[in-house]
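Residues per chain, in single letters:
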Amino acid sequence: EERRVYMNIGFFTPPLVEGPRIVFFVPLPEFLNRLPIAMDMGNGQYGLPVTITVIGTWFCMLVLFLLFRTGTRKLELIPKNGLQTALESLYVFLDGLVEQMIGSWKKKYFSFIATIFIFILTSNLLTFFFPIPWPTFGPDGTVTVSPAFRAPTMDLNTTVGLAIVVAVVFIGTSIKRNGVFGYAKGFLDPVPVMLPLNIVGELAKPVNMSMRLFGNMFAGSVIMGLLYKAAPWVVPAPLHLYFDLFAAVVQSFVFTMLTMVHIQGALGDSTMEEER
């Protein structure tokens, strides 16, 4: 009996609003099946879902590791390779930016702020520099081609996690300088009746940072998806330069600036020399 398999290939755009796709599961032993994050893998067993956001984050860490490992392997006083020159230029830019914002506290917070900026920038630019297609074969012979990576900052979990880390840093800084009671007393300034508004304002800082980064990055992908749906065979390449490249750099800069503003607010007018 002759069998023929037909493969339907067509232009397909995924849903514009969807949660992070699950790539694979990490199997769990039976006694861990009741964990809140455990999911049914479809065969009666349970496992931990590994989403495309996690894969993208791992890939970003790998890229950064290889980039800095290669660029700092053979350091030269007068660099002759472009990678060392680029890394030194990035350092000079961040060094001047951090010093301008928090002054003498630069040495203490530079590593944290630089890591935040570099990680967010790499995450935002992931799909722009690595537009790797990933085919998925359906049971009916259809082939769906979707991006292999998705910018981790398009997932609210990532941006909320980053904002919480920043909040821990600037709240911890304020408590270290003023003490627990001094920090709590600050919510009563300038008058005690401002207590509810001051609490809301403090909680709004990480919420604003996370929603701003997520909203801008996710909105850009939705707009590009709408354009592809409207004109699927016309690649709006120039618009990628704005929504994927320009917006990614701007949002990385904005998140970093807000981080330094909040840290500076926690430090007040103190200087590093006063703490010694």
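See the structure shown above.
Note that the structure is a prediction, hence the values are computed from the model and not measured.

### Points about the pattern of salt bridges
Here is step 1 of the chain: Evaluated as defined, the whole model comprises three salt bridges.
Here is step 2 of the chain: When the shortest N-O distance is used, the salt bridge between K106 and D95 registers 3.1 Å. Note that K106 is positioned in helix α3 (residues 106-124) and D95 in helix α2 (residues 82-102), a separation of eleven residues in sequence. Taken as a pair, K106 and D95 share a single burial class, namely buried.
Here is step 3 of the chain: Taking the shortest distance from any N to any O, the salt bridge between E202 and K205 comes out at 3.2 Å. One end of the pair is E202 and the other is K205, both in helix α6 (residues 195-230) and three residues apart, which spans about a single turn.
Here is step 4 of the chain: Overall, E202 belongs to the buried group, its relative accessible area being 15%.
Here is step 5 of the chain: Its relative accessible area of 26% is what places K205 among the partly exposed residues.

### Re the side chain of D155
Here is step 1 of the chain: Considering the arrangement of structural elements, one finds D155 in the loop between β6 (142-147) and α5 (156-185).
Here is step 2 of the chain: Here D155 is buried and forms no salt bridge, its nearest opposite-charge partner R150 lying at an N-O distance of 5.7 Å.

### With respect to α2
Here is step 1 of the chain: Relative to the 30 Å expected for 21 residues at 1.5 Å per residue, α2 spans 30 Å between its end C-alpha atoms, a close match to the ideal helical length.
Here is step 2 of the chain: Turning to α2, its buried residues are Q84, L87, L94, D95, L97, V98 and I102.
Here is step 3 of the chain: Where the residues of α2 are buried, they touch α1 (52-71), α3 and α7 (237-267).
Here is step 4 of the chain: For α2, the capping residue at the N-terminal end is N81, with a side-chain oxygen 3.3 Å from the backbone nitrogen of L83.

### Description of the packing of aromatic side chains
Here is step 1 of the chain: According to the stated counting rule, one finds ten aromatic pairs in the structure shown.
Here is step 2 of the chain: Measuring from ring centre to ring centre gives 6.3 Å for F93 and F117, while their planes differ by 55°; the resulting arrangement is tilted. Of this pair, F93 sits in helix α2 while F117 sits in helix α3, and the two are 24 residues apart along the sequence.
Here is step 3 of the chain: We classify F93 as partly exposed; its relative accessible area is 40%.
Here is step 4 of the chain: Judged by relative accessible area, which is 6%, F117 ranks as buried.
Here is step 5 of the chain: Considering the side-chain rings of Y183 and F187, the 5.2 Å spacing of their centres and the 85° angle between planes classify their relative orientation as edge-to-face. Of the two residues examined, Y183 and F187, each falls in the buried class.
Here is step 6 of the chain: Cluster of aromatic residues (ring-pair linked, three or more members): F59, F130 and F149.

### Side note on the side chain of K106
Here is step 1 of the chain: Taking the relative accessible area as the measure of exposure, K106 reaches 17% and is therefore buried.
Here is step 2 of the chain: Ignoring anything within four residues of it in the chain, the contact list for K106 reads D95, V98 and E99.

### Remarks on the nonpolar core
Here is step 1 of the chain: The biggest cluster of nonpolar side chains holds 41 residues, and the ones touching the most others in it are Y109, I113, I120, L162, F255 and I263.
Here is step 2 of the chain: Listing elements by their share of this core, those giving two or more residues are α1, α2, α3, α5, α6 and α7.
Here is step 3 of the chain: The leading source of residues in this core is α3, at ten residues.
Here is step 4 of the chain: Leave out the neighbours within four places in its chain, and F255 touches I116, I120, L162, A163, V166, M209 and L213.

Cut-offs used in this document
Residues numbered from 1 in each chain as written. Predicted model: local features only at pLDDT ≥ 70, side-chain atom pairs only at ≥ 80, totals over all residues. Heavy atoms only, no water. Salt bridge = Lys/Arg side-chain N within 4 Å of Asp/Glu carboxyl O. Helix = DSSP H or I, 4+ residues; strand = E, 2+ residues; numbered from the N terminus. Buried < 20%, exposed > 50% of the residue type's maximum accessible area, 1.4 Å probe, protein only. Lys, Arg positive; Asp, Glu negative; His and termini not counted. Expected span 1.5 Å × (residues − 1). Contact = heavy atoms within 4.5 Å. Polar contact = N/O pair within 3.5 Å; in protein donor to acceptor, adjacent residues only side chain to side chain. Phe/Tyr/Trp six-rings, centres within 6.5 Å; stacked < 30°, edge-to-face > 60°. Core = buried A, V, L, I, M, F, W, Y, C linked by side-chain atoms within 4.5 Å.

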